[in-house]
Amino acid sequence: MELDCLVIGAGVFGLSVARALKSAGRDVVIVDAVGAGAGASATPLGVLAPHAPDRWNEKKQVQFEALRSLPDVIKALEQETGIDAGYRRCGRLIPLTRAHHDPLWRGRAADAEQNWQGFGNLSVVEPEAVWLSLDSAPFGAALCGLSARINAGRYCKALSASAGAIETGFRLYRLDSEGAVFEDGTRLQAKRIFLTTGADAFRFLPDEEDCTPAGRGEKGQAAVLRLADGPPVDAWPLIYKDRLYIVPRGDGHVAVGATSERDYTAEDTTDHQLDDLIARARSICPRLDGAEVIERWARLRPRAANKRLLVCRHPQLDHVIVSTGGFKTGLAMAHTAAAKAVALA
Ligand SMILES: Cc1cc2nc3c(=O)[nH]c(=O)nc-3n(C[C@H](O)[C@H](O)[C@H](O)COP(=O)(O)OP(=O)(O)OC[C@H]3O[C@@H](n4cnc5c(N)ncnc54)[C@H](O)[C@@H]3O)c2cc1C
């Protein structure tokens, strides 16, 4: 039997595609090797942050439009499913560590006014010393009002509640002109197949013209800490310093991450690199004193060769549509990637 639409991979990209297909009136079957949110999409961080507003370009505009439209998408999803996805426009603090950072960020505030079109602003502030230590922000901090956070696990749960049942235990082995073949030998045929297996998707794509792969998995490690007694942090901004994020999660815990690793032996294990990150977080955020690490987590980010979203027809299989490449901002971009993927169907 030929299905109408088959979505392979139930991360935030696949679930968003399935939801968009469903609302376009298509019949959808979703399969996954493990289950909804089993890959990178259940990141404990859930950061939704824009690129810097200066030197504006097409990539920044595309991401800005995704960030701007996301709150309405989340609101509709929450109303439909009754699941709170934990979206909050909490802002983001970036410590200023050199004297020239102050005029630099004040200049960027003017760029933000122009390029963020009033959706969020940028200012230079004195941070709360218990949240961001004065030693680590000797010239204050930039506060990015466009940044937000989401509870990624609950976002996936809400998307899967909306998208429909997910068949698990289907690990894709091969795509061909007849359909999809899974590791247990099952073959499924569909008018349209959506390849949304995250970092794994690249192995089903041909190499680029220069023989480099279309993309790769980049490992990231993150942790969740339970705070010792003290003031609540849920309303406080994210902190970002030199690739380190400190994220109040809305559940009383704080997430810390993430590493960026090209070389790794196992994709879901954590090691000393995460310990180093946690130590750095404690050194700049006094509120983490005495906080206990309650979760250590690692997965692969899907990183396309040009670091951009990869939403296209499969170059060799016309009935296959690829949607991946979320890399470090996949949570913000999944709904716009889905709209683009469904338009190709
Ligand atoms: C440590 C870390 C922190 C991150 N933090 C953030 C953040 O704060 N904000 C942000 O926007 N982004 C963040 N990201 C990136 C974000 O998680 C990804 O861009 C996004 O989740 C990718 O979604 P996806 O659906 O493409 O892939 P995935 O979420 O990985 O989903 C792929 C799905 O496909 C399934 N699958 C895989 N292989 C197969 C197969 N062969 N057959 C069948 N099914 C298969 C998996 O089980 C999984 O369910 C982070 C990533 C990491 C690793």
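As a starting point, this report considers the structure included with it. Each residue is numbered by its place in its chain's sequence as written, counting from 1. For this predicted model, a pLDDT threshold of at least 70 governs which residues receive local features, and a threshold of 80 or more governs which side-chain atom pairs are given and counted, while totals over whole chains, interfaces and linings are taken from all residues. Note that the side-chain values use all heavy atoms of the structure and ignore hydrogens as well as water.

Let's shift gears to the packing of aromatic side chains. To describe a pair of aromatic rings, you give the distance between the ring centres and the angle between the ring planes. Here a pair means two rings of Phe, Tyr or Trp (six-membered ring of Trp) with centres within 6.5 Å. Their orientation is stacked below 30 degrees between planes, edge-to-face above 60, and tilted elsewhere. For the coordinates displayed, the defined rule picks out five aromatic pairs. Here Trp56 and Phe64 contribute two aromatic rings whose centre-to-centre distance is 6.2 Å and whose plane-to-plane angle is 70°, an arrangement assigned as edge-to-face. The rule is simple: take the accessible area with a 1.4 Å probe, protein chains only, and divide by the maximum for that residue type; under 20% is buried, over 50% is exposed, in between is partly exposed. The exposure class of Phe64 is buried, given its relative accessible area of 1%. Ring pairs connect the aromatic residues Trp56, Phe64 and Phe119, which therefore count as one cluster.

Moving on: the pairing of strand β11 (residues 187-195). A pair of strands is treated as paired once DSSP finds two or more bridges between them. Only DSSP runs of H or I covering at least 4 residues are called helices, and only runs of E covering at least 2 are called strands; the numbering of each starts at the N terminus. Judged from the six bridges that link them, strand β1 (residues 2-8) and β11 form a sheet pairing that is parallel. Its bridge partner lying in β11, Ile8 is registered against Leu195. Hairpin remark: strand β10 (residues 179-182) followed by β11, antiparallel, with four residues in the connecting loop; positive phi at Gly185, about 95°. Bridge count for β11 against strand β18 (residues 320-324) is three bridges, and the pairing is parallel.

With that out of the way, let us pick up empty space enclosed by the protein. Cavities and pockets were defined on a 1 Å grid built over protein atoms only: a cavity is a set of grid points that admits a 1.4 Å probe from which the probe cannot escape, a pocket is an open set flanked by protein on both sides within 12 Å along at least five of seven lines, and lining residues are those with an atom within 4 Å of any such point. Grid points are joined across faces, edges and corners, and a volume is the space filled by probe spheres set on the points. Taken as a whole and judged by the stated rule, the model has one cavity of 30 Å³ or more. Estimated volume of the largest cavity: approximately 40 Å³. Taken together, Leu48, Leu67, Leu70, Tyr87, Arg89, Phe119, Leu146 and Ala148 make up the lining of the largest cavity. For the lining of the largest cavity, the per-class residue count stands at seven nonpolar, no polar and one charged. Ten residue types, Ala, Val, Leu, Ile, Met, Phe, Trp, Tyr, Cys and Pro, are classed as nonpolar, four, Asp, Glu, Lys and Arg, as charged, and the remainder, Gly among them, as polar.

By secondary structure assignment, the location of Thr43 is in the loop between β2 (28-32) and β3 (47-48). Two residues form a contact once any of their heavy atoms are found within 4.5 Å. In this structure Thr43 touches Ala152, Trp297 and Leu331, once residues within four positions along its chain are discounted.

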